[in-house]
Amino acid sequence: MIAPLVAVAAHLPAASSVSGYAPEEVTWWRMTVGLGLVVVLVVIGVLTLLIRLVQDIDRGVEGVVETLGQTARNTGESFLIADTAGQVDAVLAEGLNHHLFLTRVLSGSGKKAVPR
């Protein structure tokens, strides 16, 4: 990063050869231009870093949006849970009726068996 500045400075005329300006003024001018160049390079670096961070955040947001879409699809039919619970209760009641019937038949008695 410093080498290009040194190469540019080597091609500049000596401070005393610039007419109408004192050598100190030319030196300060060159230092100011060099400092400005360094500031521009730092700004370019920081903006590059910022762009990469924003792109990374954007990819993360896309992942969250995709996950939310999958969640919406997975819960899209959640209203059926109540109906399913009712049907499971009906199957359980039918199973208990079969259990009671088989218990009475297998015990050989005609009396009602007590469910366990």
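Residues numbered from 1 in each chain as written. Predicted model: local features only at pLDDT ≥ 70, side-chain atom pairs only at ≥ 80, totals over all residues. Heavy atoms only, no water.

Trainee: Would you mind going over the overall build of the protein chain in detail, with residue names and values included?
Mentor: A tally of helices and strands in the protein chain yields three helices and zero strands. Starting at the N terminus and walking to the C terminus, you meet the elements of the protein chain as α-α-α. About 10000 Å² of surface is accessible on the protein chain, with carbon and sulfur atoms providing 69% of the total. (Helix = DSSP H or I, 4+ residues; strand = E, 2+ residues; numbered from the N terminus. Areas by Shrake-Rupley, 256 points an atom, 1.4 Å probe, with all protein chains shown as cover.)

Trainee: Which residues make up the pattern of salt bridges, and what values do they have?
Mentor: Applying the stated rule across the entire model yields one salt bridge. Of the charged contacts in the structure, one is a salt bridge between arginine 59 and aspartate 56, with a shortest N-O distance of 3.6 Å. With arginine 59 and aspartate 56 both in helix α2 (residues 23–74), this residue pair falls three residues apart, about one helical turn. Residue classification places aspartate 56 among the partly exposed residues on the basis of a relative accessible area of 46%. (Salt bridge = Lys/Arg side-chain N within 4 Å of Asp/Glu carboxyl O. Buried < 20%, exposed > 50% of the residue type's maximum accessible area, 1.4 Å probe, protein only.)

Trainee: How would you explain helix α3 (residues 80–107) if you had to name every residue and give the values?
Mentor: Taking 1.5 Å per residue, 28 residues should reach 40 Å; α3 reaches 40 Å between its end C-alpha atoms and fits that length. Glycine 108 lies just past α3 and shows a positive phi near 80°. (Expected span 1.5 Å × (residues − 1).)

Trainee: If you had to explain the confidence of the model for the protein chain to someone new, which residues and values would you point to?
Mentor: The predicted model of the protein chain has a mean per-residue pLDDT of 84, with 78% of residues at 70 or higher. When pLDDT is averaged over each element of the protein chain, α2 comes out on top at 94 and helix α1 (residues 2–10) at the bottom at 60. (pLDDT = per-residue confidence, 0-100.)

Trainee: Report on a nonpolar patch on the surface, specifying residues and quantitative values.
Mentor: A cluster of nonpolar side chains, Leu35, Val39, Val43, Leu47, Leu50 and Val54, forms an exposed patch at the surface whose accessible area comes to about 530 Å². Positionally, leucine 50 belongs in helix α2. Judged by relative accessible area, leucine 50 falls into the partly exposed class, the value being 46%. (Patch = residues over 30% accessible without salt bridge, like charges linked within 9 Å, V, L, I, M, F, W, Y side chains within 5 Å.)

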